[in-house]
Amino acid sequence: MQPFTDSGTPLIAEFAVEAHDGQLSMTFESAGGRTKNGPRNRDYVPALVVLLGRLAQRSAVIVSAAVESKKTADLPLHKRLLTDGSIQLSPASDFDALRKRLTSAQGRIGQEEGAPKAGNNRKRMRLVLEVPGYGIADGPRLERDLAAPLLVDDLIASLKSLKVHNSGGKPAREPIALLWALGRLAAGEGRLFDWPEFDKEVGDLLRDFGASAAPRYPFWHLGSDSTLWERHNLAGPPTAADTDARAGFTEDAAALLANPVVRAESIYVLRTEHLSDLADQADLLDRVGLAGVAERAMIEIRTAFDSVTKATLPSLPPDTLDKMTAAVRRVEQAELRKLVVGTDDTAQCALCGDTFPLRYLVAAHIKPRSQCTDEERRDLRNVAMAACAFGCDMLFELGYITVDKDGWIRTAEAMPSGRFADHVTLVGTRRCSAHRPGTEPYFAWHRANRFVK
Ligand SMILES: [Zn+2]
């Protein structure tokens, strides 16, 4: 398999994880020579660093590392070894130094005694591993987990496609159990949960919110998505006897969910995709300790995001920042919609005045978000208005219509013809229902900077 960087770029290198002589081991293919696509496994070094880093995140032990090439096949193991003894990895390990240790030791392997110079140090290697949470049969899973990190988009997609069980119209158990687990994670109480505690707490929660109270099923079934949830000391849904069973978020999922932005979007996805029929959502969030994150997401997230951006993002790949920004936008738009458009089934477009089902209305910024000061961005009730997707949102954004200081809609003189012009004429005789003292400064910006005139 090919490994990918943290931002999802494939590396030209090959590795595999398999059971070998009763142990889990990783083979890493040699580099050198040419293929029709260029040098063979030319990303040998960066790929090795990436893989060592991901092993370190999992607190793996390299039991042994040895060259395993055709040329050295006849040598006994002790003449092919690259390390003396095992190496305990931790996230604080210096992967680059370790990589150098593994590659520079290769040079002398298979060389004649007293050879004038070291040989190739991009040889095929086998690393015998012990990785917490991965048994001898988990080679394929470890291989996949090492190849590509879980990205924010993957996590959100996982949550959207969560398999849920909601017999007889009752609320689904899985999203409720996940919200509980998220609440614990957010409170810094770890990512794995003991079954007796889960049984009690999630059981009560399921009962109180009208779901069928059988916490043993989500405890087990959430694990059907192995990127999200892992389980230990279990062969099926637990029973009272399974006092040492544990389950919870995977290391990768927990790492992403430690970020308040990702957490807020995850909560949002669980609420809207899987619990939209639950009337007492707010009570549920309150109960699991997530009310603040969800309901005041906008400002909290903004602040959290700013501090996250400043404090930790320089060490993350740029792509992660884009993805997080996109996540913030989605949550913001959702929160903004709730304030500006409302939560009834239908609402009025502030420009044409027609009533539309909610999905055809957007919370349109009167002054673009990118031009707003922080304070203006937080002026949620005034900075945006409900505009329909049938022309008003676009015409306003492009500046073909604006709103004057008395609230009357003004239309541009130069205008394309056809349906476009018809819509402009239609709205041109109206007053904008979103115009008021609070919104006037934003409309003033639009008149001065966007209106085509
Ligand atoms: Zn409209």
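None of the values given here were measured: they were computed from a predicted structure.

(A) Here's a closer look at the overall build of the chain. In terms of helices and strands, the chain carries 18 helices and 16 strands. Expressed as a percentage of its 453 residues, the buried residues of the chain come to 38%. The contacts in the chain between residues at least 6 apart in sequence include a share of 66% that link residues at least 24 apart.

(B) How the structure looks around the packing of helix α5 (residues 173-186) against helix α6 (residues 195-208). Following both chains from N to C, one finds α5 and α6 inclined at 130°, their axes separated by 10 Å at the closest point. Looking at the two axes, α5 sits oblique to α6. The two elements α5 and α6 meet at a crossing, and its hand is right-handed. Every residue of α6 that contacts α5 at R173, I176, A177 and W180 is listed here: E201, V202, L205 and L206.

(C) Molecular detail of helix α4 (residues 152-160). All of the buried residues in α4 are V152, L155, I156 and L159. Viewed end-on, α4 has its buried residues packed into an arc of 95°, placing them on one side of the element.

(D) Expanded view of the pairing of strand β5 (residues 61-67). Where burial is concerned, most of β5 is hidden: 5 out of the 7 residues are buried. Across 2 bridges, β5 lies against strand β6 (residues 87-88) in antiparallel orientation. Bridge pairing in β6 links I62 to I87. Here 6 bridges tie β5 to strand β7 (residues 125-130), and the two strands are oriented antiparallel to one another. Bridge pairing links V67 to M125 in β7.

(E) Up close: the sheet that holds β6. Within the open sheet, the 5 strands sit side by side as β1-β2-β7-β5-β6. Their pairing is antiparallel. Only two strands of the sheet have a single neighbouring strand rather than two, namely β1 (15-20) and β6.

(F) Structural detail: the environment of R124. Tracing the sequence through the fold places R124 in the loop between α2 (95-104) and β7. Along the chain, R124 and E29 lie 95 residues apart, while their C-alpha atoms are 4.5 Å from each other. The residues contacting R124, other than those within four sequence positions of it, are T27, F28, E29, S30, V67, E68 and S69.

(G) Structural view of the nonpolar core. In terms of nonpolar packing, the biggest core is built from 44 residues, with I176, L179, W180, A181 and L182 touching the most fellow members. Of all the secondary-structure elements, those providing two or more residues to this core are α4, α5, β8 (192-194), α6, β10 (246-249), α8 (251-257), α9 (260-274) and α10 (281-287). The residues contacting L179, other than those within four sequence positions of it, are I267, L270, L284, V288 and L290. The next biggest cluster of nonpolar side chains, apart from the first, holds 33 residues, and it includes M26, A56, A60 and M125.

(H) View of the pairing of strand β14 (residues 384-388). Among the 5 residues in β14, 5 count as buried, and that is most of the element. Across the two faces of β14 the burial is the same, with A384, A386 and C388 and M385 and A387 all buried. Taken together, the 5 bridges between strand β13 (residues 361-365) and β14 define a ladder with antiparallel strand orientation. Within β14, the residue paired with L361 across the bridge is C388.

(I) Representation of the confidence of the model for the chain in the model. Per-residue pLDDT for the chain averages 83, and the proportion of residues at 70 or more is 85%. Across the chain, the element-wise mean pLDDT spans from 42 in helix α12 (residues 297-311) up to 97 in β8. Here residues 294-318 is a poorly scored stretch, pLDDT under 50, and it has 33 contacts once near neighbours within four places are set aside; other chains count.

(J) Expanded view of the sheet that holds β8. Across the sheet, 3 strands lie side by side as β8-β10-β9; this open sheet has antiparallel pairing. The sheet is open, and its two edges are formed by β8 and β9 (229-232), each paired on a single side. Here the strands of the sheet are splayed against their neighbours by 20° on average, with no regard to which way each runs. Pairing analysis gives 3 bridges linking β8 to β10, with the strands arranged antiparallel. Across the sheet, the residue bridging to D194 is R246, located in β10.

(K) Expanded view of helix α18 (residues 440-449). Of all the positions in α18, only Y442, F443 and H446 are classed as buried. Burial along α18 is one-sided: seen end-on, the buried residues are contained in an arc of 100°. The outward face of α18, more than 90 degrees from its buried face, is lined by the exposed residues A448 and N449. For α18, the secondary structure elements touched by its buried residues are α15 (380-383) and β15 (401-403).

(L) Representation of unusual backbone geometry in the model. In this model, D21 sits at a positive phi of 50°, which is unusual for a non-glycine residue. Along the chain, the position of D21 falls in the loop between β1 and β2 (23-28). On the basis of neighbour counts, which here come to 7 C-beta atoms within 10 Å, the residue D21 falls in the exposed class. Non-glycine residue N233 carries a positive phi angle of around 55°. By the secondary structure assignment, N233 is in the loop between β9 and β10.

(M) Spatial organisation of the environment of T355. Relative to the helices and strands, T355 is located in strand β12 (residues 355-357). Owing to 14 C-beta atoms within 10 Å, T355 belongs among the partly exposed residues under this scheme. Here the alpha-carbon distance between T355 and C388, two residues 33 residues apart in the chain, equals 8.8 Å.

Conventions adopted
Residues numbered from 1 in each chain as written. Predicted model: local features only at pLDDT ≥ 70, side-chain atom pairs only at ≥ 80, totals over all residues. Helix = DSSP H or I, 4+ residues; strand = E, 2+ residues; numbered from the N terminus. Buried ≥ 20, exposed ≤ 12 C-beta atoms within 10 Å, placed from the backbone. Contact = placed C-beta atoms within 7 Å. Axes fitted to C-alpha atoms, helices over the stretch in contact; angles between N-to-C directions. Parallel < 35°, antiparallel > 145°, perpendicular 65-115°, else oblique. Left-handed = near helix turned anticlockwise from the far one by under 90°. Arc of directions from axis to C-beta. Pairing = 2+ DSSP bridges. Core = buried A, V, L, I, M, F, W, Y, C linked by C-beta atoms within 7 Å. pLDDT = per-residue confidence, 0-100.

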